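Architecture at a glance
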Amino acid sequence: MEYNSNNVFAKMLRGEIAVNKIYEDDYALAFYDIAPKAKIHALVISKAMVVDFADFIEHSNAAEIEGYMRAIVRTAEILGVVEDGYRLVFNSGKNSGQEVPHLHAHILGGEKLPTAHL
Ligand code: AMP
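Just so it is clear, the model here is predicted, and its values are computed rather than measured.

By the definition in use, this model includes 5 salt bridges. For E16, the salt bridge goes to R14, with nearest N and O atoms at 2.8 Å. Relative accessible area serves as the criterion here: at 42%, R14 is assigned to the partly exposed category. Taking the shortest distance from any N to any O, the salt bridge between R70 and E66 comes out at 2.7 Å. Linking R70 with E66, this pair stays in helix α3 (residues 62-79), spanning 4 residues, or about one helical turn. Exposure remark for E66: the relative accessible area of 41% places this residue in the partly exposed category. Among the charged side chains, a network of salt bridges with common partners joins K21, E24 and K47.

In this section: the layout of surface pockets. Approximately 780 Å³ is the volume attributed to the largest pocket. Looking at the largest pocket, it is lined by 33 residues, and the ones nearest its centre are D33, K37, H41, N91 and H106. Those elements that provide at least two residues to the lining of the largest pocket are α1 (8-13), β2 (28-32), β3 (40-46), β4 (86-89) and β5 (104-109).

Before going further, it helps to examine α3. For the α-helix, the turn length of 3.6 residues means that residues three or four positions removed from each other point alike. Taking 1.5 Å of rise per residue, 18 residues should cover 26 Å, and α3 covers 26 Å from first to last C-alpha, within 8% of that figure. Buried within α3 are the following residues: G67, Y68, A71, I72, T75, A76 and L79. Contacts from the buried residues of α3 go to β1 (21-24), β2, β3, α2 (53-59), β4 and β5. Two to three positions downstream of the cap, the backbone nitrogen of A63 sits 3.1 Å from a side-chain oxygen, assigning the N-cap of α3 to N61. A positive backbone phi angle near 75° is found at G80, which sits one or two residues after α3.

What counts and how
Residues numbered from 1 in each chain as written. Predicted model: local features only at pLDDT ≥ 70, side-chain atom pairs only at ≥ 80, totals over all residues. Heavy atoms only, no water. Salt bridge = Lys/Arg side-chain N within 4 Å of Asp/Glu carboxyl O. Buried < 20%, exposed > 50% of the residue type's maximum accessible area, 1.4 Å probe, protein only. Helix = DSSP H or I, 4+ residues; strand = E, 2+ residues; numbered from the N terminus. 1 Å grid on protein atoms, 1.4 Å probe; cavity = no way out; pocket = protein on both sides within 12 Å on 5 of 7 lines; lining within 4 Å. Points joined across faces, edges and corners; volume = space filled by probe spheres on them. Expected span 1.5 Å × (residues − 1). Contact = heavy atoms within 4.5 Å. Polar contact = N/O pair within 3.5 Å; in protein donor to acceptor, adjacent residues only side chain to side chain.

Here's what the structure looks like:
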């Protein structure tokens, strides 16, 4: 799928939509999900204009991939979920139900999570 910059996360990165920010660096922006599916539910979006994980890996260099991954861990640390554990989810494509076509990781935690497919 070709990247389309009309999506809501691209608008957040351009400052066109307000963000409840948790963390930001050169590679990523993290904020709370508007419709939380767990006690703690954050999203870490890439600053690369890519649709999903495969698109990201194909179009990013090693520093960019590392930077994004580190931003996810940094966000989990700020949220205080590392010790008790959390779930990291990347929805990709229609079978996953991906709604927003801009790379994002879901961090879910703060409580014991239901098993759901894993
Ligand atoms: P996905 O189904 O993986 O594409 O997840 C998209 C997520 O973005 C959903 O969990 C939505 O609740 C969340 N979302 C959509 N719009 C916003 C927004 N304006 N602010 C925060 N989260 C949002």
